[in-house]
Amino acid sequence: MMKTFNISTSYHDQMVEVSGLVREAVRESGVQEGHAIVYCPHTTAGIAINENADPDVVRDVLRRLDEVYPWKHSLDRHAEGNTAAHMKAITTGTSQMVLISGGRLVLGTWQGIYFCEFDGPRSRKLHVKVIKG
């Protein structure tokens, strides 16, 4: 089963926790044992699993990505001017796989699943594929 969600972002760089949406897809699938693949079909956004307890972690991650990949760089040639967004998406990756056991996502106590926007604000798609087994 695959479920698609629409994600709207409000900021240029933003990490949106989507753990609840992934849980919803797992619940609707009825799968008790297996895995969920969380996938982003965009070249300037990604998927990450990280701490969801302290909002400073998200702020720090976005700040550090900006330090590594500044929005303006004198050598960038991409006509759209969003090379930094592409680099951040490559760094986070387009997908994450999460185990399912007992019908629940297997995440650590402090872990959450994030849709990472690097070229917003935008309206995006998020796909969750739940696989039994």
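Going by the structure above, here's the rest.
Summary of the structure given here. Not measured: the values here are computed from a predicted model.

Procedures and definitions
- Residues numbered from 1 in each chain as written.
- Predicted model: local features only at pLDDT ≥ 70, side-chain atom pairs only at ≥ 80, totals over all residues.
- Heavy atoms only, no water.
- Helix = DSSP H or I, 4+ residues; strand = E, 2+ residues; numbered from the N terminus.
- Rg over C-alpha atoms; globule rule 2.2 N^0.38 Å.
- Buried < 20%, exposed > 50% of the residue type's maximum accessible area, 1.4 Å probe, protein only.
- Contact = heavy atoms within 4.5 Å.
- Core = buried A, V, L, I, M, F, W, Y, C linked by side-chain atoms within 4.5 Å.
- Salt bridge = Lys/Arg side-chain N within 4 Å of Asp/Glu carboxyl O.
- 1 Å grid on protein atoms, 1.4 Å probe; cavity = no way out; pocket = protein on both sides within 12 Å on 5 of 7 lines; lining within 4 Å.
- Points joined across faces, edges and corners; volume = space filled by probe spheres on them.
- Nonpolar A, V, L, I, M, F, W, Y, C, P; charged D, E, K, R; others polar.
- Polar contact = N/O pair within 3.5 Å; in protein donor to acceptor, adjacent residues only side chain to side chain.

Another aspect to go through is the overall build of the chain. Of regular secondary structure, the chain possesses three helices and eight strands. In sequence order, the secondary structure elements of the chain are arranged as β-β-α-β-β-α-α-β-β-β-β. For the chain, the C-alpha radius of gyration of 16 Å lies close to 14 Å, the compact-globule estimate for 133 residues. Projected onto the principal axes, the alpha-carbon positions of the chain cover approximately 50 × 30 × 25 Å. The buried share of the chain, taken over its 133 residues, is 39%. Contacts in the chain between residues at least 24 apart in sequence constitute 83% of all its contacts with a sequence separation of at least 6.

The next subject is the nonpolar core. With 20 residues, the main nonpolar core has Val-22, Leu-105, Ile-113, Phe-115 and Leu-126 as its most contacted residues. Secondary structure elements with two or more residues in this core: β1 (2-8), α1 (19-29), β3 (33-39), β4 (45-51), β5 (95-101), β7 (111-117) and β8 (123-132). With 10 residues, the next largest nonpolar core counts Met-15, Val-58, Leu-65 and Ala-89 among its residues.

The next point concerns the pattern of salt bridges. This model, assessed by the stated rule, comprises 10 salt bridges. A salt bridge links Glu-24 to Lys-3; its shortest N-O distance comes to 2.9 Å. Residue Glu-24 is located in helix α1, and its partner Lys-3 is located in strand β1; the two are separated by 21 residues in the primary sequence. On the accessibility criterion, Glu-24 (25% relative accessible area) is partly exposed. Here Lys-3 falls in the buried class, since its relative accessible area comes to 19%. A salt bridge links Asp-13 to Lys-88; the shortest N-O distance between them is 2.9 Å. One end of the pair, Asp-13, is in the loop between β1 and β2 (14-17); the other, Lys-88, is in helix α3 (residues 83-92), and 75 residues separate them in sequence. As far as the burial class goes, Asp-13 and Lys-88 line up, both buried.

This next bit is on the layout of surface pockets. To locate leftover empty space, one rolls a probe as large as a water molecule over the atoms. Considering only enclosed or pocket space, the largest pocket measures out at about 260 Å³ in volume. Forming the walls of the largest pocket are 16 residues, and the residues nearest its centre are Arg-23, Arg-27, Gly-103, Arg-104 and Leu-105. Counting only elements with at least two residues in the lining of the largest pocket, the list comes to α1 and β6 (104-105). Counting residues per element, the lining of the largest pocket draws most heavily on α1, at four residues. A per-class count over the lining of the largest pocket returns four nonpolar, eight polar and four charged.

Glancing now at the environment of Thr-92. Here Thr-92 is to be found in helix α3. Taking the C-alpha atoms as reference points, Thr-92 and Ala-48, 44 residues apart in sequence, are found 6.0 Å from one another. At 3.3 Å, the side chain of Thr-92 forms a polar contact with the backbone oxygen of Ala-89.

Just geometry here; none of it tells us what the structure is for.
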